[in-house]
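Report on the structure
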Amino acid sequence: MNLAGKTILMSGGSRGIGLAIALRAAADGANIAMLAKTDTPHPKLEGTIHTAAEEIRAAGGQALAIVGDVRSDDDIARAVEETVAAFGGIDIVVNNASVIDLSPSSALDPKKYDLMQDVNVRGTFMLSRAAIPALKNAENPHILSLSPPLNITPKWLGAHTGYTLAKYGMTMATLGLAAEFEGAGIAANTLWPATTIATAAVQNLLGGDQVMAASRTPAIYADAAYAVLTQPSAAYTGQTLIVEDVLSAAGVTDFSGYAAVPGTPDERLFPDIFLN
């Protein structure tokens, strides 16, 4: 099974992991619709929804750039309508958009708490919900959320409570949808890496050049997402998956090619949060 002719509706995707997932699918000839806010260049972040669409087309896929906000119900409804109109349906929803703030509770701005809840949790639920009618008509429908397994140890519950709540909320919403729509054959899973991934968020928020150099590239996330999205949806749902485990199950035994700095041994890579 591959993703040729499949239609993916993704939140975000202008850069980083989301774009990497889109480009991997585009290599098969998939259609990628992106609901994202980055209409014009950001002073600190590379890429816009339009440059992402150009890369997708160059990679062999079709692209639909939908400028909008996953916090807006109207924008979500418009994204679903435009995607179905352009490509005839929706096969996959990828909940990629996410806001991160690792501030401790006493220092977390209330507006940032609300933003994380609105984008991460509500956005995941509402975008997935809006696409359900189209997914029910798909041959192999999947929902994939980029969020971690539920780890209720005090270490992660207390490390950055606001952000932890938002990411676990994404996972809870996805697992709930998996249970609710299993009878309709719609798979819903989450996916999270065992190491940090070299993205702008890691560069700017998690440790700069030092952590970037000890990370893996977004390609490992994209390859794992591809492996998930090409599974039979009726039998592969309700799981909180780890990137490296997915690839190992697919027969990958050597992850060295994914190192952001070639030659970095696995034991020197920086473990991602929530897992260790």
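Higher on the page you've got the structure.
Residues numbered from 1 in each chain as written. Predicted model: local features only at pLDDT ≥ 70, side-chain atom pairs only at ≥ 80, totals over all residues. Heavy atoms only, no water.

**A word on the overall build of the protein**
Secondary structure summary: the protein contains ten helices and seven strands in total. With the C-alpha coordinates of the protein rotated into their principal frame, the extents come out at 45 × 40 × 40 Å. Of all intrachain contacts in the protein linking residues separated by at least 6 positions in sequence, the fraction that spans at least 24 positions is 74%. Of the roughly 11,800 Å² that the protein leaves accessible, carbon and sulfur atoms contribute 54%. Here the protein contributes 17 positive and 27 negative side-chain charges, whose respective centroids are spaced 4 Å apart. (Helix = DSSP H or I, 4+ residues; strand = E, 2+ residues; numbered from the N terminus. Contact = heavy atoms within 4.5 Å. Areas by Shrake-Rupley, 256 points an atom, 1.4 Å probe, with all protein chains shown as cover. Lys, Arg positive; Asp, Glu negative; His and termini not counted. Charge placed at Lys NZ, Arg CZ, Asp CG, Glu CD.)

**Comments concerning the side chain of N95**
With respect to the helices and strands, N95 occurs in strand 4 (residues 92–95). There is a polar contact of 3.1 Å between the side chain of N95 and the side chain of S145. The contact partners of N95, leaving out residues within four places of it in the chain, are S11, G123, T124, L127, S128, I143, L144, S145, L146 and M170. (Polar contact = N/O pair within 3.5 Å; in protein donor to acceptor, adjacent residues only side chain to side chain.)

**Comments concerning the environment of N140**
Tracing the chain through its elements places N140 in the loop between helix 4 (110–136) and strand 5 (142–145). Overall, N140 belongs to the buried group, its relative accessible area being 9%. Separated by 93 residues in the primary sequence, N140 and S233 have C-alpha atoms spaced 5.5 Å apart. Once you skip the residues sitting within four places of it in the chain, N140 turns out to touch M1, K6, D91, L229, Q231, P232 and S233. Side chain to side chain, N140 and H142 meet in a polar contact 3.5 Å long. Within polar-contact distance, the side chain of N140 engages the backbone oxygen of Q231 at 2.9 Å. (Buried < 20%, exposed > 50% of the residue type's maximum accessible area, 1.4 Å probe, protein only.)

**Some words on the pattern of salt bridges**
For the structure on display, the rule yields nine salt bridges. A salt bridge links D75 to R78, with the nearest nitrogen and oxygen atoms 3.2 Å apart. Of this pair, D75 and R78 both sit in helix 3 (residues 73–87), three residues apart, which is roughly one turn of the helix. (Salt bridge = Lys/Arg side-chain N within 4 Å of Asp/Glu carboxyl O.)

**Details of the sheet that holds strand 3 (residues 62–67)**
The strand order across the open sheet formed by seven strands is 3-2-1-4-5-6-7, and the pairing between neighbours is parallel. Edge strands, defined here as strands with exactly one partner in the open sheet, are strand 3 and strand 7 (240–242). Averaged over all pairs of adjacent strands, the angle between strand axes in this sheet comes to 20 degrees, irrespective of strand direction. Judged from the four bridges that link them, strand 1 (residues 7–11) and strand 4 form a sheet pairing that is parallel. The partner of M10 across the bridge, within strand 4, is V94. (Pairing = 2+ DSSP bridges. Axes fitted to C-alpha atoms, helices over the stretch in contact; angles between N-to-C directions.)

**Topic: the pairing of strand 1**
With five of its five residues buried, strand 1 lies for the most part within the structure. Looking at chain direction, strand 1 and strand 2 (residues 31–36) are connected through five bridges and run parallel. Bridge pairing links S11 to L35 in strand 2. For the crossover from strand 1 across helix 1 (residues 16–26) to strand 2, the handedness is right-handed. (Right-handed = clockwise from strand over helix to strand, strands pointing away.)

**What about the environment of P141?**
Turning to its location among the elements, P141 is positioned in the loop between helix 4 and strand 5. Among the residues examined, P141 registers a relative accessible area of 2% and is labelled buried. Sequence-distant contacts of P141, defined by excluding residues within four places in its chain, comprise D91, L135, G185, I186, A187 and S233.

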